[in-house]
Every structure is written in C-alpha cells, then in structure tokens.
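A look at the structure
Listed here are the chains, written in short residue letters.
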Amino acid sequence: MATIKDIKAREILDSRGNPTVEVDLTVDNGQVFRAAVPSGASTGIYEACELRDGDNHRYLGKGVLKAVNNVNTIIKPHLIGKNVTEQEQLDKLMVEQLDGTKNEWGWCKSKLGANAILAVSMAVARAAAAHKNLPLYKYLSHLNGQDNLTQFNLPLPFFNVINGGKHAGNKLAFQEFMFTPCGASNFAEGLRMGAEVYHNLKKVIEKKYGQTATNVGDEGGFAPDTSNPDEALELLVEAIKKAGHEGKIKISMDVAASEFYDAKTKLYDLDFKNSNSDGKHKLTSEQLVEYFANLVSKYPIFSIEDPFDQDDWAAYAQLTARIGNQVKIVGDDLLVTNPLRAEKAIQEKACNYLLLKVNQIGTVTEAIQTYQIVSKANFGTMVSHRSGETEDTFIADLVVGIGAATIKTGAPCRSERLAKYNQLIRIEEELGQNSTYGKNH
Ligand SMILES: O=C(O)[C@@H](CO)OP(=O)(O)O
Ligand SMILES: [Mg+2]
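Rules behind the numbers
Residues numbered from 1 in each chain as written. Chains lettered and ligands numbered in written order. Predicted model: local features only at pLDDT ≥ 70, side-chain atom pairs only at ≥ 80, totals over all residues. Heavy atoms only, no water. UniProt positions renumbered as here; feature names shortened; annotations may be inferred. pLDDT = per-residue confidence, 0-100. Donors = N, O, S within 2.8 Å, 3.2 Å for Na, K, Ca; no water. Helix = DSSP H or I, 4+ residues; strand = E, 2+ residues; numbered from the N terminus. Core = buried A, V, L, I, M, F, W, Y, C linked by side-chain atoms within 4.5 Å. Buried < 20%, exposed > 50% of the residue type's maximum accessible area, 1.4 Å probe, protein only. Domains from an automatic or database assignment. Expected span 1.5 Å × (residues − 1). Axes fitted to C-alpha atoms, helices over the stretch in contact; angles between N-to-C directions. Parallel < 35°, antiparallel > 145°, perpendicular 65-115°, else oblique. Left-handed = near helix turned anticlockwise from the far one by under 90°. Contact = heavy atoms within 4.5 Å.

The protein chain has the name phosphopyruvate hydratase in an unreviewed UniProt entry, where Tetrahymena thermophila is given as its organism. Under the UniProt heading Pathway (unreviewed entry), the note attached to the protein chain is "Carbohydrate degradation; glycolysis; pyruvate from D-glyceraldehyde 3-phosphate: step 4/5." Listed in UniProt under the heading Sequence similarities (unreviewed entry), the comment for the protein chain reads: "Belongs to the enolase family."

Structural data, given as structure tokens:
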C-alpha cells in the first residue's frame, strides 16, 4: 500500500502568464508526484467552478491563492494516510464531503474549486501508477476498467494552426482551425507532417498578408487579419498542398459559438470582433446550419466543435440530423465533460462527439465516467487541452489510456503544447509493435 504523507499546493503561472494551481503529493516512501491544472478563456458557463481570488492586482489574471489554501488546509488533512490507489473514493471524498456544493448539473465544486480538487486528483493518479509500477497511461486504462491491455492506440492529433475568437487579436469569429494527419502511418510521422504544414502555412500567410500577419494566438496558431472563415480554410488548404500532404489531412473547426451568440436577439454575430461592423453578418441558428453544411460540401472537414451556443440544443440537434453522418459534431461548452449534460445530449441527439477536458468537471474519476457514458452511445471522444496550459502532460497519457481516438492540444509549436505531443511520441516508442495509430475515429 502507498499512503499519502504530504500534499503541498502552490500558485504557478500558465502559458498566458495567469496564475494556476500546482500540487506536489508525497507518498510514504518519500517519492513526490506533481500535477498542474490548465485554464480556459472561452469557458462554458456550465463548467465546474474554477476558484479565483477577488484581486486583480498582482497579475492581469486573478490569483488562485484561495484554491491553493483549500488544498493545503482542507484537502490535505483529510487525505493524509489515505491509499493512493483508491482514486474513486478519494475523488468522492473531496467532491461530496469536503466540497459538497451542487447545482442542477451535479457537483459544482464552488467551495474548494475544481482547480484545487483536480490538481490533487491528478497527482493521486500519478502516485498510484508509480506504486503499481505502471506507466500513467496503463494505470488510467485500469481506471477505465480495462486491465492488462497489451495493445494501445495513439490518437489522431488536431493541430490548431489558425486562431481566432477569444484566443487571438484578429477579427476572425471562429476560434480554431485545425488539421489532422490522418494519412500518416504512425503518431511520430503525423507530428512531423503537422510541423511541415505549420511551417508552410507561415509562408502562405506571410505572402498574402505580410510579415506582421504571422503573429500567433494563445495556442500557437497564426492569427492573420481576416474575418472570413472561408479565407482561413483556403489558407490551410494551400499550406497542406504546399507541404505535399494533400489527401492525407482532414480539417476541423472549433467555432466556440457561445462567444458570439446574443440570447436576446437569438443571433450569431460573425463580425463580433469588428468595432466597425455593419451588422450584416448576424445569422440565425437556421442560417448557421446552412452555412456549416455549405462548408462541409467544400472542404475535407472531420469535425465542427461548438457550432452553436451552449443552450441552443435545438440547433445542435438540427445540424446533427443534417450532417452528423458526414462529420463529427463535437460538444465542448455544450457538454462541459459533465455526465448529466452528456446524457441529455445523447437523448436529444444534439451531437455525436465529446470534447473531454478534465478541468471542466474537476476529477479524474468523473472525466472517465463521462467518457464511458458517451462511449456507450457510440459517441467518439476528443481529449483536449485548455488555451491556458502548463507543462503538465497528463492528457497525453489519458487519451491513450482510455482509448479515445483523437486529441487536440494546439499548434505543433510552443512548449506547453508540444509537451503533450512529445509525450505521445515517447508513449508510441515505448509501445513499439503494441501500438496502432488513428484507429476508430
Ligand atoms: O474552446 C476550447 O476548446 C478550448 C481549448 O482549445 O479553449 P478554452 O480553453 O479557452 O476554453
Ligand atoms: Mg472548444
């Protein structure tokens, strides 16, 4: 048995220079296991609570000293002496007994903070994996109810190379334009192709808009000064051709439409970042359905994430009925990795793919639970980073461990993104013949 001897939380900075929570968990033999939580910018309103301090002084972003203090003074005394292999019980103890806050969508973690709870939850999983002498992905596969697997799949990576929405200072409404090297023969080759397209995209953008247009957004993607999604897609198609990977790549978008929906008028403003807007780019849900159907007929599109606002269930169902057999309709703000919202989406046939972000729900146990719920309904799952990231690589092991088919963790540049992609390279190398790539997406 490996028991918890000490837990220490601290405030560190994420990739945007905002405070976030990191935890060091020490077990009885003296080994220390570390975990850090990421933070979103286009956060869904139904996500578990990310506890932030009231102050705005020390940094541009608000601090997380309350969450840190909750780990050090409330969670720690209750976890000391507990067995690290009891993930589910420990997560339950933190969520239900120590926190205990609930809303219509279940445990909302607003007392201790999902950021406080998750950092501990992830560190517990790392400690248990080490105790069982397993790489983290194999231990997470055990938590997913699959013991002694010998064969693992490496996911298709989705590189976010053109940034818009809340993640960039251009006028592009859609937040992310991604591509995936589905024609690669393994993950390492896929990552190389990713970098090749990325570098070619830089040249294409430079030629079209000039040197200053190659500035990057929060996730390392370029942020050219266009407001037109079609134009962004054309740039990507050209870069793929230029890199010589035509036919081997598919494209995905995260529209992050909650960011530009007006609940009063029920309109989506595709020009929401343009202060000189003539107001001509406001679309109804029905018009947006047509818009997406048209894009799907023109480009090799794999998935569309958050095509509508997080409460526009009817529009989701309409789009899924219309093009859901050709493309994945991915729920991020819609599902927020929440078991109850996942069940509602299944019932209403609102989408067919889960975006899984561990910090949206706040424990490893609940994240896996949501994955299992959607998997039973034949949804696929894309594991995801946040726009504010750290060097923690937990999600790379998670995607392989639970067997999710796809992952998005930004552009193939910037270390907080590459930390995850590079960890996947290592896992693939370790598995050797026992790995496949890009299966079951
Ligand atoms: O919307 C998203 O999918 C994410 C990650 O790319 O962004 P954020 O972390 O800002 O919510
Ligand atoms: Mg999203």
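So, next bit.
**Examining the confidence of the model for the protein chain**
Averaged over all residues, the pLDDT of the protein chain is 96; the fraction at 70 or higher stands at 98%. Per the prediction output, this complex has pTM 0.97; the corresponding ipTM is 0.99.

**Examining the coordination of the magnesium ion (ligand 2)**
Asp254 (OD), Glu305 (OE) and Asp332 (OD) make up the full set of protein donors to the magnesium ion (ligand 2), lying at 2.0 to 2.2 Å. The motif formed by the donor residues of the magnesium ion (ligand 2), counted along the single chain, is D-x50-E-x26-D. Taken as a pair, aspartate 254 in strand 9 (residues 250-254) and aspartate 332 in the loop between strand 14 (328-331) and helix 9 (339-348) lie far apart in primary sequence, 78 residues in all.

**What to know about the nonpolar core**
With 140 residues, the main nonpolar core has Ile75, Phe174 and Phe292 as its most contacted residues. Here the element with the most residues in this core is helix 3 (residues 114-131); it accounts for twelve residues. Built from parts of two domains, this core gets at least three residues from each of domain 1 (3-133) and domain 2 (152-437).

**What to know about helix 13 (residues 415-431)**
The end-to-end C-alpha separation of helix 13 is 24 Å, in line with the 24 Å expected for 17 residues at 1.5 Å each. Every buried residue of helix 13 is accounted for by Glu416, Arg417, Ala419, Lys420, Tyr421, Gln423, Leu424, Ile427, Glu428 and Leu431. Phi for glycine 432, located one or two positions after helix 13, is positive at around 50°.

**Concerning the packing of helix 4 (residues 136-143) against helix 12 (residues 394-402)**
Packing of helix 4 against helix 12 brings their axes to within 7 Å, and their N-to-C directions diverge by 50°. By the angle between their directions, the pair helix 4 and helix 12 is classed as oblique. In this structure, the crossing between helix 4 and helix 12 has a hand that is right-handed. Touching Leu136, Tyr137, Leu140 and Ser141 of helix 4 are Phe394, Asp397, Leu398, Val400, Gly401 and Ile402, all from helix 12.

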